[in-house]
Amino acid sequence: MTAAMTAPPGQRRVDVCNGDADGLCAVLQWRLQTPAPATLVTGLKREIALLDRVQAMPGDELLVCDLSLQRNRTALLRLLAQGARVRYFDHHAPCDIPPHPNLQTHIELGSQTCTSLLMDRHLGGAQRIWALAGAYGDNLTAVADALAADSGVGSEDRARLRMLGEAINYNAYGEDERDVYIPPARLYETLSRYRDPLDLSLHETIVRPLDALRRADLRQAAQVSPHWQNGRASVYLLPDAPWSRRVIGSLANELASARPALAHAVLKAVRAGGYGVSVRAPLSAAGGARELCLRFGGAGRAGAAGIDDLPARDLDRFIQAFDAARWGESG
């Protein structure tokens, strides 16, 4: 890890993050703690290779949060060669981390952490209330509850933070921005007006409509019976529709929370054919999801992973592999 980096006068600051709760809340913690003008580059949940969109000049300072280094490695090397200095916070398996004097990495794997919690640790808990929102949004409810209780956050405020985190996270899912309630970059503009997310929930009208839309989409998903299930796992197939494109991640999280001893896979038909896949390992044995998805061209974390494009012809093969997966294995 290199020494602390500060941008010289006249050089740009660029914040790059996934547009879900974990990514946005990680960047927000940093900017609340170290205020400075910065350009935000973000996108929907499926838009992972965001460093491809960034060009750098010598001395530019980049903050990268909640993006797979494996998927962004080539662009990262280009930016470092262009003279950028990069701080990288993430909780996805990175393959190998390139050694470079201008690269700081804060990467930790495991089913009980997320990027917002890594940022919280780095900042010594200075913006913890936003870290809690990010952790709730990343389906780390038990972890967030324990940390919130230790920090003196009461049960009613924990419920409000959970609603906010889940709403932010839900808003990141969609085929394109026409599917979502508000583009993630615009959502960040609203979030960034508040040092305390509890104040946001009192003064902004965005949280309850997002939560209501999320719950309506979940009610539609509840009408869908499992395509396949046994005593250790379930598979759901959703149609290609705006509600299913929005709800796939929330549904996978809801299923995991409702039946923590089971693994769950939620598939949605995609416009070009085939399926997008969201996999959750059992919460009671949170490992193996990444290894499973890697076999089909996907990526992710030990407990939660996905596949962008599973060909329809591979559906049965995926279900067989899903059924045979060894949950709890490290990933």
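Just above sits the structure.
Residues numbered from 1 in each chain as written. Predicted model: local features only at pLDDT ≥ 70, side-chain atom pairs only at ≥ 80, totals over all residues. Heavy atoms only, no water.

Q: What am I meant to see in the sheet that holds strand β5 (residues 103-107) here?
A: Each strand in a sheet pairs with its neighbour through backbone hydrogen bonds, running either in the same direction (parallel) or in the opposite one (antiparallel). Pairing within the open sheet is parallel, and its 5 strands lie in the order β2-β1-β3-β4-β5. Single-partner strands in this sheet number two, and they are β2 (39-43) and β5. Ignoring strand direction, the axes of neighbouring strands in this sheet form an average angle of 10°. The pairing of strand β3 (residues 61-65) with strand β4 (residues 85-90) spans 5 bridges and is classified as parallel. Bridge pairing in β4 links Cys65 to Phe89. Contacting β1 (13-18), β2, β3 and β4, helix α1 (residues 21-33) runs over the sheet at an angle of about 150° to β1. (Pairing = 2+ DSSP bridges. Helix = DSSP H or I, 4+ residues; strand = E, 2+ residues; numbered from the N terminus. Axes fitted to C-alpha atoms, helices over the stretch in contact; angles between N-to-C directions. Contact = heavy atoms within 4.5 Å.)

Q: Where do I start with the side chain of Glu166 in this structure?
A: Position of Glu166 relative to the elements: it lies in helix α6 (residues 155-170). The exposure class of Glu166 is buried, given its relative accessible area of 12%. One polar contact links Glu166 to Arg162, side chain to side chain, over a distance of 2.8 Å. A polar side-chain atom of Glu166 sits 3.4 Å from a polar atom in the side chain of Arg214. Leaving out residues up to four positions away in the same chain, Glu166 has contacts with Tyr136, Gly137 and Arg214. (Buried < 20%, exposed > 50% of the residue type's maximum accessible area, 1.4 Å probe, protein only. Polar contact = N/O pair within 3.5 Å; in protein donor to acceptor, adjacent residues only side chain to side chain.)

Q: It is not clear to me how the pairing of β1 should be interpreted in this structure. Could you clarify?
A: Along a regular strand, successive side chains alternate from one face of the sheet to the other. Counted residue by residue, β1 has 5 buried out of 6 residues, so it is predominantly covered. Alignment of β1 against β3, held across 5 bridges, turns out to be parallel. The residue of β3 that forms the bridge with Val14 is Leu62. Regarding topology, α1 serves as the crossover connection from β1 to the parallel β2, and that connection is right-handed. (Right-handed = clockwise from strand over helix to strand, strands pointing away.)

Q: Help me understand the sheet that holds strand β6 (residues 228-229) in this model?
A: Taken in spatial order, the 6 strands of this open sheet run β6-β7-β8-β9-β11-β10, and their pairing is mixed. Of all strands in the sheet, those with a lone pairing partner are β6 and β10 (299-300), marking the two edges. As judged from the 6 bridges shared by strand β8 (residues 263-269) and strand β9 (residues 275-280), these two strands associate in the antiparallel manner. Its bridge partner lying in β9, Lys268 is registered against Gly276.

Q: When you look at the packing of α1 against helix α3 (residues 115-122) in this model, what are you seeing that I'm missing?
A: For any two helices packed against each other, the geometry is given by the interaxial angle and the distance between the axes. Contact pair α1 / α3: the axes reach a minimum separation of 8 Å and the direction vectors enclose 20°. Considering their axes alone, α1 and α3 lie roughly parallel with respect to each other. When the axes of α1 and α3 are compared, the crossing they make is left-handed. Of the residues in α3, those touching α1 at Ala21, Asp22, Cys25, Ala26, Gln29 and Trp30 are Thr115, Ser116, Met119, Asp120 and His122. Classifying every residue of the contact of α1 with α3 by side-chain character gives 5 nonpolar, 4 polar and 2 charged. (Parallel < 35°, antiparallel > 145°, perpendicular 65-115°, else oblique. Left-handed = near helix turned anticlockwise from the far one by under 90°. Nonpolar A, V, L, I, M, F, W, Y, C, P; charged D, E, K, R; others polar.)

Q: What is the right way to read helix α4 (residues 128-137) from this model?
A: In an α-helix, one turn spans 3.6 residues; hence positions three or four apart end up facing the same way. A large share of α4 lies buried, amounting to 9 of its 10 residues. Residues Ile129, Trp130, Ala131, Leu132, Ala133, Gly134, Ala135, Tyr136 and Gly137 constitute the buried set of α4. Positive backbone phi, at 65°, marks Asn139, one or two positions downstream of α4.

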